[in-house]
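Descriptive structure summary
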Amino acid sequence: MIDTTSVIFGSANPNVRNLLNSPTVKTSSDISPEITFPCALIAYEVVAPVVASLVATTISLSTLEKIAHSAEDVLGDVREGKLNLNDDAISVLLKANDQMRAISENSAKKMIEVADDPEELMQIFNGNKSFEKASPLAMVYGGHQFGNWVNQLGDGRGILFGQIDSPEGLVDLHIKGAGKTPYSRFGDGRAVIRSSVREHLCGEAMFGLGIPSSRSLMLFGSNEPVMREETERGAMIVRTAKTHIRFGHFEYFHHNKITNGVKTLLDHVIDCYYPDTKQDTDKYLLFFDATVKKTAHMVSAWQSVGFNHGVMNTDNMSILGETFDYGPYAFMETYDPNYICNHTDSHGRYSFSNQPSIAEWNCYALASALIDLFSETELRDILSKFNDYFYDSLIEKYRKKLGFKSAQDSDYDLLLGLFEIMETEKLDYTNTFRELSNIISSSDNFKLSEKFSIWLASYKDRLSKDENSIEESKILMDKNNPKYILRNYLAQSAIEDAEQGKAEKIDELAKVLSNPFDDLGKSMEKFCQPAPKEQQNQQLSCSS
């Protein structure tokens, strides 16, 4: 299906075959040899991460059929004409002048090693070439969408290709936009260049900022027309994450009254991600507490860098506190606590300032899915910790952004004072924090409003009482206040080039975003400039 001669640029890191054939790869028998299921529905979600592991043992076709529909089945149906798709529907690379691809080198080096033969890798991920140790699966889930329960949301375009047992723990390989799955509902199973480039870039931006996130390993573009709000070009992304298990997986079992599925999935999660707690009598409570804590810490990290996710439905929440499912997200430019980046969010449910409370609400939704395994009191006791987890983490992040080593009670009010000035004067969130370190360490006169000057005097007085020297404070601030963020106008410029088959801007921007705290010199100043006023804090489409 792919014309490998059409590849015109890109590189891949070597030795993927060695890693994918590694003896450390988990097998199905390592994880859950005793599990049996009453129906394919239950088996599908619970065993997907198990069966999709790059298994060293052979799984019979009959077992696969009982468990789930594999991606190969879907591709086979296309080849045999059973699905009404044209010949190009599964292809992710077409003619050279219409194609683009970007590869995240850091992701490959850090998380998995990629073959030195990119054409072969494309063939594998595109389904044209089988890989004997992979059993690709799609994972169905439900979730609360804008607060309303939806019985089945996905995964209508995502395929879990496999898992690698890396030195840093399990790593999922996930293909997004490869075509229809049994759970596509009314969708086409495709993704478009616009949203795929945005996801690719944001994964790198978040990783550079030190925020747990899925990351893009490879990005393919095609000339295939895909209908969204208008006709766009298709794309496919291969991403990595610690897990793709979501709050919505547990909710799906609970709301469909498949109680056994909740417990079985929970045991699997503990086996894979919290093995040290397996023998604890309260291992389920420890899992839930860890999930609440990681979720709170994740959102505190978002707030500290001005990140607005845009679609915090429960199905978009990772049980390991990783940011993923990037849709109409935005890094806030001028400070506006009520900023809404998703234009379909008419009531502002997922506005920037609402993110902490929505994250807590989502934890309550997860708790309701686990209610058959706990008492309500136990769940509420853990849920009551959310605010402490969040605010303790957030204030610590802001102290570092302000250069404080020690803590004082006045810090909170000082911070609120800065926010008030930033909102009133419509200051750039990122650049204001970054510039503070220059203001406190320079003898130059900076053009500041009277209100800002009064606040600055209080801030300098607070700094004088800190354990850090001014030089130490500046170093701390520059390590915690990024110079570069993924501004929407920069992403849009890269997207427009990608739609013409050019990936140079994607590569350049990704490299800058992977080093957001470093001053990369005058040639890179263009990447820290605010957007034109008419493009600041824009709302974006959720269609992807």
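Residues numbered from 1 in each chain as written. Predicted model: local features only at pLDDT ≥ 70, side-chain atom pairs only at ≥ 80, totals over all residues. Heavy atoms only, no water.

**Some details on the nonpolar core**
Rules: By nonpolar core we mean a set of buried residues, namely Ala, Val, Leu, Ile, Met, Phe, Trp, Tyr and Cys, connected to one another through side-chain atoms within 4.5 Å. Any residue under 20% of the maximum accessible area for its type is buried, any over 50% is exposed, and the rest in between are partly exposed; the area is computed with a 1.4 Å probe on protein chains only. Per the convention used, a helix needs a DSSP run of H or I reaching at least four residues, while a strand needs a run of E reaching at least two, with both numbered from the N terminus. By definition in these notes, contact holds between two residues if any of their heavy atoms fall within 4.5 Å.
Phe-250 and Tyr-459 are the most contacted members of the largest nonpolar core, which totals 109 residues. The element best represented in this core is helix α11 (residues 283–305), accounting for 11 residues. Filtering out sequence-adjacent residues up to four positions away, Phe-250 remains in contact with Ile-245, Val-262, Leu-265, Leu-266, Val-269, Phe-287, Ile-319, Leu-366, Ala-369 and Leu-370. One finds Phe-125, Phe-131, Ile-159 and Phe-161 within the second-largest nonpolar core, a separate group that totals 16 residues.

**Here's the deal with unusual backbone geometry**
Here Gly-154 and Asp-155 are connected by a cis peptide whose omega angle stands at 5°. Structurally, the position occupied by Asp-155 is in the loop between β3 (148–154) and β4 (158–166). The phi dihedral of Lys-257 falls on the positive side, at around 55°, and the residue is not glycine. Take Lys-257: it is sitting in the loop between α9 (247–255) and α10 (259–273). Judged by its relative accessible area of 74%, Lys-257 is exposed. Phi at Asn-537 is positive, roughly 50°, even though this residue is not glycine. For Asn-537, the position within the fold is in the segment after α20 (504–513).

**So, the packing of α9 against α10**
How we decide: Lines fitted to C-alpha atoms define the axes, with helix axes restricted to the stretch in contact, and inter-axis angles between N-to-C directions lie between 0 and 180 degrees. Each angle gets one of four labels, with under 35 degrees taken as roughly parallel, over 145 as roughly antiparallel, 65 to 115 as roughly perpendicular, and the rest as oblique. Under the convention adopted here, Pro, Cys and the residues Ala, Val, Leu, Ile, Met, Phe, Trp and Tyr are nonpolar, Asp, Glu, Lys and Arg are charged, and Gly plus all remaining residues are polar.
Relative to each other, α9 and α10 sit at 155°, their axes nearing to 8 Å. Relative to α10, α9 is oriented roughly antiparallel. Between α9, through His-249, Phe-250, Phe-253 and His-254, and α10, the contact on the second element is made entirely by Gly-261, Val-262, Leu-265, Leu-266 and Val-269. Residue classes in the contact of α9 with α10 are distributed as six nonpolar, three polar and no charged.

**Description of the pairing of strand β5 (residues 169–176)**
What counts, and what does not: At least two bridges found by DSSP between two strands are what make those strands a pair.
Among the eight residues that make up β5, seven are buried, leaving the element largely enclosed by the rest of the structure. The turn linking β4 back onto β5 is made up of two residues. Inspection of the sheet shows β5 paired to strand β8 (residues 231–241) by five bridges, in the antiparallel sense. By the bridge assignment, Lys-176 is partnered in β8 with Ile-237.

**Here we look at the pairing of β3**
Sheet topology places strand β2 (residues 141–145) next to β3; four bridges connect them, and they run antiparallel. Directly across from Gly-143, in β3, lies its bridge partner Val-150. In this antiparallel pair of consecutive strands, β2 and β3, the connection spans two residues, and Phe-146 shows a positive phi of 50°.

**Concerning α9**
Judged by how many residues are buried, α9 sits mostly within the fold: eight of nine residues are covered. Among the residues of α9, Phe-247, Gly-248, His-249, Phe-250, Glu-251, Tyr-252, Phe-253 and His-254 are the ones counted as buried. Among the residues trailing α9, Lys-257 stands out with phi positive, at a value near 55°.

**A word on the pattern of salt bridges**
The test is simple: Between Lys or Arg on one side and Asp or Glu on the other, a salt bridge is scored when a side-chain nitrogen of the former is within 4 Å of a carboxyl oxygen of the latter.
Counting across every chain of the model gives 24 salt bridges. Of the charged contacts in the structure, one is a salt bridge between Asp-466 and Arg-462, with a shortest N-O distance of 3.1 Å. Its salt-bridge partner being Lys-474, residue Asp-478 comes within 3.1 Å of it at the nearest N-O pair. Of the two residues, Asp-478 and Lys-474 both sit in helix α18 (residues 470–480), four residues apart, roughly one turn of that helix. Take Lys-474: its relative accessible area is 23%, and that puts it in the partly exposed class. Through salt bridges that share partners, Lys-176, Glu-199, Arg-239, Arg-246 and Asp-325 make up one connected network.

**Remarks on the packing of aromatic side chains**
We count it as follows: In summary, the pairing rule links any two rings of Phe, Tyr or Trp, Trp by its six-membered ring, whose centres are within 6.5 Å, and it sorts them by plane angle into stacked for under 30 degrees, edge-to-face for over 60 and tilted for everything else.
Within this structure, the stated rule accounts for 19 aromatic pairs. Residues Phe-146 and Tyr-350 carry aromatic rings whose centres are separated by 5.0 Å and whose planes lie at 40° to one another, so their mutual orientation is tilted. Of this pair, Phe-146 sits in the loop between β2 and β3 while Tyr-350 sits in the loop between β10 (330–331) and α12 (355–369); the two residues are 204 residues apart in sequence, bridging distant segments of the chain. The partly exposed category is assigned to Phe-146, whose relative accessible area is 29%. Taking the relative accessible area as the measure of exposure, Tyr-350 reaches 1% and is therefore buried. Each member of the aromatic cluster is reached from another via a ring pair, and the members are Trp-302, Phe-307, Tyr-326, Tyr-329 and Phe-331.

**So, the confidence of the model for the protein chain**
We count it as follows: For every residue, the predictor states its confidence as a pLDDT score lying anywhere from 0 to 100.
Confidence in the prediction of the protein chain, expressed as mean pLDDT, is 79, and 77% of residues score 70 or more. Below a pLDDT of 50 lies the segment residues 1–79, which in the model reaches 194 contacts outside its immediate sequence neighbourhood of four places, other chains included. Here residues 81–116 scores under 50 on pLDDT; set against residues more than four positions off or in separate chains, the count is 141 contacts.

**Here's the deal with empty space enclosed by the protein**
Put simply, the rule is: Throughout, the protein atoms alone are placed on a 1 Å grid, and a set of points is a cavity if a 1.4 Å probe fits but cannot get out or a pocket if it is open with protein on both sides within 12 Å along at least five of seven lines; lining residues have an atom within 4 Å of a point. Grid points are joined across faces, edges and corners, and a volume is the space filled by probe spheres set on the points.
Applying the stated criterion to the full structure yields two cavities of 30 Å³ or more. Its volume calculated, the largest cavity comes out at about 50 Å³. Around the largest cavity sit Leu-137, Ala-138, Met-139, Tyr-141, Asp-155, Gly-158, Ile-159, Leu-160, His-174, His-244, Arg-246 and His-249, which together line it. Examining the composition of the lining of the largest cavity, we find that three residues originate from one element, β4, more than from any other. In this structure, the second largest cavity spans a volume of roughly 40 Å³. If you go around the second largest cavity, the residues you meet are Ala-330, Phe-331, Glu-333, Tyr-339, Asn-488, Gln-535, Gln-536, Asn-537 and Gln-538. A class-by-class count of the residues in the lining of the second largest cavity yields three nonpolar, five polar and one charged.

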